[in-house]
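What follows is each chain in one-letter form.
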Amino acid sequence: MGNSKIYSKIIYSRKLEQELQAYINNYPKGKVFLATEETVDKLWVANLDNFLAENSIKKVVVPAGEHNKKIGSVETIWQFLSENEGDRKSLLINIGGGMLTDLAGFAASTFKRGIDFLNVPTTLLSQVDASVGGKTGFNFNGLKNEIGVFKEPVAVLINTDFLKTIDRNNFISGFAEMIKHGLIHSPEHLAELKDFDFDTIDYDLLQEIIRHSVNVKEYFVANDLTENNIRKALNFGHTVGHAFESLAMKQNRPVLHGYAVAYAMIAELFLSVKMCGFPQADCDELTNWMLDIYGKFEIEESDFEALYQLMTHDKKNESGRINFTLLPKVGEIAINQNCSKELILEALKFYKSL
């Protein structure tokens, strides 16, 4: 699949209704549906009531929050589509953060063996990450995104106006995925992120920065749709990150996904120094910068074994070895790096000591 086809699906727009209308016109009246979650429904979707009525679009609202990213919420959407006579020519518009677009994307991908869906991501995290690349799914058995399929949306509409209502924590959670994109592929992107001013956000400039970030993700996705080789670059910060996230959930102190990734990138930069010769000075500078933004995830030595075991469950592992994506330098990747248990524990000890 060439880049052009994938790029054409991402629309950067400040005119949401106009862009949606262009897509809706391709589907039979009464066969276009909308899925959202409670918070976004109150903040944004309520303003679209006239637009929805004019286009005969019915909506389904699922409860907000990561703990609702489960089969029950998928069933709610299936039930809704079924009761409203959704068929194979239907379109499901998903408006929400990554939890919602993952979940509703999965529901659409499996309903009647798959109907079209269109994502309108409303958080920074979902704009730069979750809505791009065709991953859908939900959490199962206490494991994140354990069930899912690869299915591309017909389009992703990115509109930074949505970001005006997200709180600072959620904003900088999304920012972590942008930092990751800079680290794995683009020193220029990383440089513009270091200059970013969180206190006076310029939303037009932000739309351009998001475009640069999404271009990085698109590069990897376009060249490796089903994650057989270089798309694994996008897992930088995620092997340790998912373990931090799962541990935090088990200990009843949940952390936002981007924060977990930021904490983990620090540990995985340590591994990059040890395994791939990543420059120590760059590691120190990046560590301090990320600590300033994200603070630190407190772990005890007694958590190390649990964290290690969580890493062994990671979907990206093969033949029982824990697979990391590490960096020889900023902008360069080394995939399928198998670190010993000793080294992984050393990285956790390093992180704890910061």
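No experiment lies behind these values; they were computed from the predicted model shown.

### Thoughts on the packing of aromatic side chains
Counted by the stated rule, this structure contains 17 aromatic pairs. For the pair Tyr 259 and Tyr 294, a centre-to-centre distance of 5.2 Å together with 85 degrees between the ring planes defines the contact as edge-to-face. Separated by 35 residues along the polypeptide, Tyr 259 in helix α12 (residues 257-276) and Tyr 294 in helix α13 (residues 280-294) bring together distant segments of the chain. With a centroid separation of 6.4 Å and 55 degrees between ring planes, the pair formed by Tyr 263 and Tyr 351 is classed as tilted.

### A word on the side chain of Asn 119
With respect to the helices and strands, the residue Asn 119 is situated in strand β5 (residues 116-121). The buried category is assigned to Asn 119, whose relative accessible area is 3%. At 3.1 Å, the side chain of Asn 119 and the side chain of Asn 94 are in polar contact.

### Focus: helix α9 (residues 187-194)
The set of residues buried in α9 consists of His 189, Leu 190 and Leu 193. Summarising the axial view, the buried residues of α9 lie within an arc of 100 degrees, below the 170-degree limit, and thus occupy one face. Considering only its buried residues, α9 is in contact with α8 (168-185), α10 (203-223) and α13.

### Some details on the pattern of salt bridges
For the structure on display, the rule yields 16 salt bridges. As a salt-bridge pair, Arg 14 and Asp 161 come within 2.6 Å of each other at their nearest N and O atoms. Taken together, the residues Arg 14 in the loop between β1 (10-12) and α2 (16-24) and Asp 161 in the loop between β8 (155-158) and α8 connect sequence positions 147 residues apart. Between Lys 194 and Glu 285 there is a salt bridge; the shortest N-O distance is 3.2 Å. Within this pair, whereas Lys 194 is found in helix α9, its partner Glu 285 is found in helix α13, the two being separated by 91 residues in sequence. A relative accessible area of 41% places Glu 285 in the partly exposed class. Among the ionic contacts, a cluster of salt bridges with common partners joins Arg 14, Asp 161, Lys 164 and Asp 204.

### Some thoughts on the pairing of β8
Where burial is concerned, the two faces of β8 agree: the one with Ala 155 and Leu 157 and the one with Val 156 and Ile 158 are both buried. When β1 meets β8, the two strands line up parallel, connected through three bridges. Following the sheet pairing, Ile 11 is matched in β8 by Leu 157.

### A word on helix α6 (residues 98-110)
Over its 13 residues, α6 extends 18 Å from the first C-alpha to the last, a length consistent with the 18 Å expected when each residue adds 1.5 Å. The buried fraction of α6 amounts to 12 of the 13 residues, a majority that puts the element mostly inside the structure. Looking at α6, one finds that the buried residues are Gly 98, Met 99, Leu 100, Thr 101, Asp 102, Leu 103, Ala 104, Gly 105, Phe 106, Ala 107, Ala 108 and Ser 109. Directly beyond the C-terminal end of α6, a positive phi value near 50 degrees is found at Lys 112.

### So, the environment of Ile 293
With respect to the element layout, Ile 293 can be found in helix α13. Sequence-distant contacts of Ile 293, defined by excluding residues within four places in its chain, comprise Ile 172, Phe 175 and Phe 198.

### Remarks on the sheet that holds β5
Strands in a sheet are paired, the pairing made by backbone hydrogen bonds, and the direction either parallel or antiparallel. As summarised here, the arrangement of the six strands in space is β1-β8-β5-β4-β2-β3, forming an open sheet in which the pairing is parallel. Across the chains shown, the open sheet's two edge strands, defined by having one partner strand only, are β1 and β3 (58-62). Neighbour-to-neighbour, the strand axes of the sheet open up by a mean angle of 20 degrees, direction not taken into account. In this sheet, β8 lies alongside β5 in parallel orientation, the contact comprising two bridges.

### Topic: the environment of Phe 236
One can find Phe 236 in the loop between α10 and α11 (239-250). Phe 236 sits in the buried class, given a relative accessible area of 0%. C-alpha separation for the pair Phe 236 and Ser 109, spaced 127 residues apart in sequence, amounts to 27 Å.

### Quick look at the nonpolar core
The nonpolar side chains of a soluble globular protein tend to be buried with one another. Counting residues in hydrophobic clusters, the biggest one holds 77 residues, and the most contacted among them are Phe 175, Ile 179, Ile 210, Phe 244 and Tyr 294. With 14 residues, the top contributor of residues to this core is α12. Listed in part, the 22 residues of the second largest apolar core include Leu 16, Leu 48, Ala 155 and Leu 157.

Thresholds applied
Residues numbered from 1 in each chain as written. Predicted model: local features only at pLDDT ≥ 70, side-chain atom pairs only at ≥ 80, totals over all residues. Heavy atoms only, no water. Phe/Tyr/Trp six-rings, centres within 6.5 Å; stacked < 30°, edge-to-face > 60°. Helix = DSSP H or I, 4+ residues; strand = E, 2+ residues; numbered from the N terminus. Buried < 20%, exposed > 50% of the residue type's maximum accessible area, 1.4 Å probe, protein only. Polar contact = N/O pair within 3.5 Å; in protein donor to acceptor, adjacent residues only side chain to side chain. Arc of directions from axis to C-beta. Contact = heavy atoms within 4.5 Å. Salt bridge = Lys/Arg side-chain N within 4 Å of Asp/Glu carboxyl O. Pairing = 2+ DSSP bridges. Expected span 1.5 Å × (residues − 1). Axes fitted to C-alpha atoms, helices over the stretch in contact; angles between N-to-C directions. Core = buried A, V, L, I, M, F, W, Y, C linked by side-chain atoms within 4.5 Å.

Shape descriptors only; they carry no functional weight alone.
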